[in-house]
Amino acid sequence: MADREVAVARPRRWAEPLDDRMRDVDVDRLLRLEPFCRIDPADFPSFLPLRGILRNDARIRRLRPGELIFREGDYGSSVYLILHGHVRVVLDRLPPAALGRELPRPQGWLATIARLATRSRFPEVRRQAGPNGGSSTAAAPPRDAPRRGLFVADLPAVLDASHTAVLSAGEFFGESAALTRTPRAVTAYSDGETTLLELRWQGLRDLMQRTRVIRDHVEAVYRRNSLTVHLRETPFLAQLPPEALQEVADAADFQAYGRFDWHESFDPRARSRSGGWIEDEPLIVEEGGAADAVLLVRSGFARLSRRVGNGHYTLAYLGRGEACGWSETVASLEQGRPVPRRASLRAVGYVDVVSIPAEALARHVLPFLGPAERRSLADGQAAASPESVAALVANGTSAAGAPHEQELLEFLVERRLINGRQAMAIDLDRCTRCDDCVVACAAVHDNNPRFVRQGPRHGPLQIAHACMHCVDPVCMIGCPTGAIGRDEATGVVRINDPTCIGCGSCATSCPYDNIRMVEIRTPAGELWIDEATRQPLLKAAKCDLCADLPGGPACQNACPHDALVRLDLSRVDRVAAWKHRP
Amino acid sequence: MSILRRRWLRSAAIASAVVGAIAAETARRRDALEPTAAFTGWWLLGTLAFLMLFQLRKKIAAPPAGSASLWMRGHLLAGFAALPLLLLHAPWRLPNGALEIAVAALFAAAWCSGVLGFYWTRTLPRRLSSVGEEVLLEHVPRLRGQIRDRASAAILEGVRLSGDATLGEFYRQRLQPYFDSAPRRTDRLFPSPRLRKTLLAELTHVARYLSDQERSAAEQLFALVRQRDAVDYHEALQWRLRAWLVVHLALTWPLLMAAGLHAWLAYVFAGDGAAGGSLP
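What you see is a predicted model, and the numbers here were worked out from it, not measured in a lab.

About the criteria used
Residues numbered from 1 in each chain as written. Chains lettered and ligands numbered in written order. Predicted model: local features only at pLDDT ≥ 70, side-chain atom pairs only at ≥ 80, totals over all residues. Heavy atoms only, no water. Helix = DSSP H or I, 4+ residues; strand = E, 2+ residues; numbered from the N terminus. Buried < 20%, exposed > 50% of the residue type's maximum accessible area, 1.4 Å probe, protein only. Contact = heavy atoms within 4.5 Å. Areas by Shrake-Rupley, 256 points an atom, 1.4 Å probe, with all protein chains shown as cover. Axes fitted to C-alpha atoms, helices over the stretch in contact; angles between N-to-C directions. Parallel < 35°, antiparallel > 145°, perpendicular 65-115°, else oblique. Nonpolar A, V, L, I, M, F, W, Y, C, P; charged D, E, K, R; others polar. Pairing = 2+ DSSP bridges. pLDDT = per-residue confidence, 0-100. Domains from an automatic or database assignment. Buried area = accessible area lost by both parts, 1.4 Å probe. Salt bridge = Lys/Arg side-chain N within 4 Å of Asp/Glu carboxyl O. Polar contact = N/O pair within 3.5 Å; in protein donor to acceptor, adjacent residues only side chain to side chain. Patch = residues over 30% accessible without salt bridge, like charges linked within 9 Å, V, L, I, M, F, W, Y side chains within 5 Å.

**Q** Looking at this model, I keep getting lost on the overall build of chain A. Mind explaining?
**A** Counting its secondary structure elements, chain A contains 20 helices and 24 strands. Across the 582 residues of chain A, 56% fall into the buried class. The contacts in chain A between residues at least 6 apart in sequence include a share of 79% that link residues at least 24 apart. Here chain A displays about 23800 Å² of accessible surface, and carbon together with sulfur accounts for 52% of that area.

Given below as structure tokens:
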């Protein structure tokens, strides 16, 4: 391999602005508007000026009537401020036909084979180190680009059949997906000629970090909007008449536990050792306390556990849309006296919780639920009964009754692996360690595998160090350029290689050690180095799930023994079923 | 019944049906006093070629023709089916002539290595996963070095704190050679816990003569001996799996070439009836 070097200037943040048509006059105009006019530019350091953020991380979009801004289910990390006109938000679920969503098409077989046949013999080759570069075998980069000219199909019919809300100039929206890294919960389109300011996550993050004005404002909007949307999405509230739902919303309390950047205090190595660290998880409600409200998880994960001896026994973890404390709260109402909670609820990472008080439940919810629905909600938490916990420990069986599923649940929750939607699971009882998976991955990714065939183990089940395409991809939080992001349609977390400046923020943030920084080379095999420091230029590299390859992940396809699979670790039952398959 | 098992049963049923049909057709031709060698020979040669294709499939990372596990299933079934096809082709007779003996010997070696591989790939992974941490074969030398350094540091610390030489002397005579060297070839081929057990027993025996500080170091040495043994065991079994694959592949290429030569010669020397299938 050639050991020569080519020196270039290290790529920097804002080398590729969100919109290069932003001018100083636009920035001046923005700085005269609320809430930017209340920001003190002196709060920003010289290397990160307020004007720089607005010029590079923001853009002004002019929309025609009916033009889509984002669709329910899309992944995106931008927040929007209405500068002029109105935006209509569709609160109901729209049929896919109305949204016009299309999944990205993978490459054809011939193109794929040609690409593989002509790939460089050197690892991690980039034609250029800067914004115009790109790997020789990498997938097309993800961009949070607007879909210009995409409109809601059959708009009058949509308006007739759906609940909508109108937002006016000066209002923020889209903050929920940006803050929680979750898909958009609603569809938004322009209601007439509209002008928007789009602020990508990197700019929003820096503004929120350095100015209280923006932080308080965005968080207040988040709480208000999220509450309404979430209540409407909750199955047992969906059939409530609008007036009753509004009463519930007025009575409900919205609270956040943990931190958005929970990864900073999370140490998976400490988790692998037993200890009292569960008690470090922010407590939402405690076992034994009065059950005076039903809790709904709005986003994130929460651990439902019972104290056993000096430890905690995980009964389940609750994800978005799941409820806790239903049977105890209903029992409190029926018996006319407080009934103690059977389990504690703790935040695993960052969790938003909506609390519906018992009174509101009795007055506005229970009258609209049939006996079957009530039973089903109560049954969902039967495992929390004190009798069953003792039995579970004694028998080594889980809430679901499947052998060893409880231990698997503890393993996944303790290491927060439940975050993984497409984790690489290896059955070590079948894996012959032939490394065909590694070779296949390297062949389609710059001659360098995007995973390490090692990782945390639970018996023969190994979760390899490969990107899990998390529900909450905290790796995206610190990226200064937005190079790491979700594919808008599929949610696959990918790196836009040309805009990656090699800062290593994502690799440091990943709690699972699934992103690596790699040295890059020219097509002739020379190392790209920084002309100032003479150090090699780095790029972040991780599994992209072979999103542009026909046939799916090469690693899974290459395993001759069915020992490797991509699994959604939030579905513990499926993980257990795969692990115990004959 | 699981999906995987259903798939296997279905595939096995299809393979059995194909072999059964070939056997029935061969019997019909034999009863009609027609030649059968070319008919069964081509099926056998085709099966060998199909078995080779699996290796080509593994070379293509993004193939348009199914996952490797699907190919593996086909490979195993075709591999097992090759034996009855051979028996149909050359029923119960010993080979004669150099080429025929070579083909038969290569077939037997490749088939047996395949069966051995089938057994090993289904038993060794369980043995590997039941021992210690997962070890990557490429990391074994580095891991051995780390264990050796930790053992050395533990013994130096124990001797420094205690001022006694008992454990140090034992380490120098018995444990240092173990930590400093790679396992012997025989241990690599046939890994055994004998050496580990012997060393641990000796260390246990020596422990009664140790001071408290030395005992603390000895505890670390106990753990490091076990760790080193696990690394050696992983290396031995992983090396065996890889070596087996190399041998299996090394046998299959000459087999295919020899079988092809055998078919070509059979045609060349079969005379006019060859095209009609009266060979070899």
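Past the structure itself, the notes keep going.
**Q** Mind showing me how you'd approach the packing of helix H5 (residues 140-162) of chain B against helix H6 (residues 166-180) of chain B here?
**A** To characterise two packed helices, one gives the angle between the axes of the helices and the distance between these axes. Residues and elements named next belong to chain B. Packing of H5 against H6 leaves a shortest axis separation of 11 Å and a crossing angle of 175°. Taken together, the axes of H5 and H6 lie roughly antiparallel to each other. In contact with Ile147, Arg148, Ala151, Ser152, Ile155 and Val159 of H5, H6 contributes Leu167, Gly168, Tyr171, Phe179 and Asp180. Among the residues making up the contact of H5 with H6, the classes are represented as 7 nonpolar, 2 polar and 2 charged.

**Q** Can you help me understand the sheet that holds strand S9 (residues 194-199) of chain A in this one?
**A** Two orientations exist for strands paired in a sheet by backbone hydrogen bonds: parallel and antiparallel. Residues and elements named next belong to chain A. In spatial order, the strands read S2-S9-S4-S7; together these 4 strands make up an open sheet with antiparallel pairing. With one partner strand each, in any of the chains shown, strand S2 (58-63) and strand S7 (172-173) form the two edges of the open sheet. As paired strands, strand S4 (residues 79-84) and S7 are joined by 2 bridges and run antiparallel to one another. Following the sheet pairing, Tyr80 is matched in S7 by Phe173.

**Q** Whenever I open this one, the environment of A:Gly491 confuses me. Can you help?
**A** Residue and element names in this part refer to chain A. Within the secondary structure, Gly491 is located in the loop between strand S19 (484-486) and strand S20 (493-495). The class of Gly491 is buried, set by a relative accessible area of 0%. C-alpha of Gly491 to C-alpha of Asp74: the two residues are 417 residues apart in sequence and 8.0 Å apart in space.

**Q** Can you walk me through the sheet that holds strand S6 (residues 164-167) of chain A in this structure?
**A** Residues and elements named next belong to chain A. If you walk across this open sheet you meet the 4 strands as S3-S8-S5-S6, and the pairing is antiparallel. At either margin of the open sheet sits one strand with a lone partner, and together these are strand S3 (68-70) and S6. Going across the sheet, the axis of each strand differs from the next one's by a mean of 30°, ignoring polarity. The pairing of S3 with strand S8 (residues 187-190) spans 2 bridges and is antiparallel. Pairing of Phe70 across the sheet is with Ala188, part of S8.

**Q** What's the story with the confidence of the model for chain B in this structure? I'm lost.
**A** As a note on interpretation, predicted positions should not be read in detail where pLDDT is low. Here chain B shows a mean pLDDT of 89. Residues at 70 or above account for 95%. A low-confidence stretch, residues 273-280 of chain B stays under pLDDT 50, and its non-local contacts, those more than four residues away or across chains, total 17 contacts.

**Q** Explain the domain arrangement of chain A here, please?
**A** One widely used convention gives an interface's size as the accessible area the parts lose upon coming together. All names here are of chain A. Annotation of chain A at the domain level lists domain 1 (20-108 + 148-237), domain 2 (267-401) and domain 3 (412-579). Counting residues at the interface gives 12 residues for domain 1, matched by 15 residues for domain 2. Summed over both partners, the interface of domain 1 with domain 2 buries about 1100 Å², with 68% contributed by carbon and sulfur atoms. When the area that domain 1 buries against domain 2 is broken down by residue, the three leading residues are Tyr222, His230 and Phe236, summing to 53%. Counting across the domain 1 and domain 2 interface gives 0 salt bridges. For the side of domain 1 that touches domain 2, the secondary structure elements donating two or more residues are helix H6 (175-180), helix H8 (212-233) and helix H9 (235-238). Tallying contributions element by element places H8 first for the side of domain 1 that touches domain 2, with 6 residues. Per-class residue counts for the side of domain 1 that touches domain 2 are 6 nonpolar, 5 polar and 1 charged.

**Q** Just checking my understanding: could you explain the pairing of strand S5 (residues 87-90) of chain A for this structure?
**A** Looking down a regular strand, the side chains alternate between one sheet face and the other. Residues and elements named next belong to chain A. Here S5 shows a buried face lined by Val87 and Val89 and a second buried face lined by Arg88 and Val90. Pairing of S5 with S6, which is carried by 4 bridges, proceeds in the antiparallel orientation. Across the sheet, residue Val89 finds its bridge partner in S6, namely Ala165. By the bridge criterion, 4 bridges tie S5 to S8 in an arrangement that is antiparallel. Its bridge partner lying in S8, Val87 is registered against Ser190.

**Q** I'm lost on helix H12 (residues 326-335) of chain A in this one. Help?
**A** A turn of α-helix holds 3.6 residues, and therefore any two residues three or four places apart point the same way. By the criterion of burial, H12(A) is predominantly enclosed, with 7 of the 10 residues buried. For H12(A), the complete set of buried residues consists of A:Trp326, A:Ser327, A:Glu328, A:Thr329, A:Val330, A:Ala331 and A:Ser332.

**Q** Would you mind showing me how to read the side chain of A:His458 here?
**A** Of note, A:His458 is situated in strand S17 (residues 457-458). Within the structure, A:His458 has its side chain in polar contact with the side chain of A:Lys579 (distance 3.3 Å).

**Q** Please clarify how the environment of B:Gln146 should be interpreted in this entry.
**A** Residue placement: B:Gln146 occurs in helix H5. Measuring from C-alpha to C-alpha, the distance between B:Gln146 and B:Leu76 comes to 41 Å, with 70 residues separating the pair along the chain.

**Q** Looking at this model, I keep getting lost on a nonpolar patch on the surface. Mind explaining?
**A** Together, B:Leu261, B:Trp264, B:Val268 and B:Phe269 make up an exposed nonpolar region whose accessible area comes to about 470 Å². Taking the relative accessible area as the measure of exposure, B:Leu261 reaches 39% and is therefore partly exposed.

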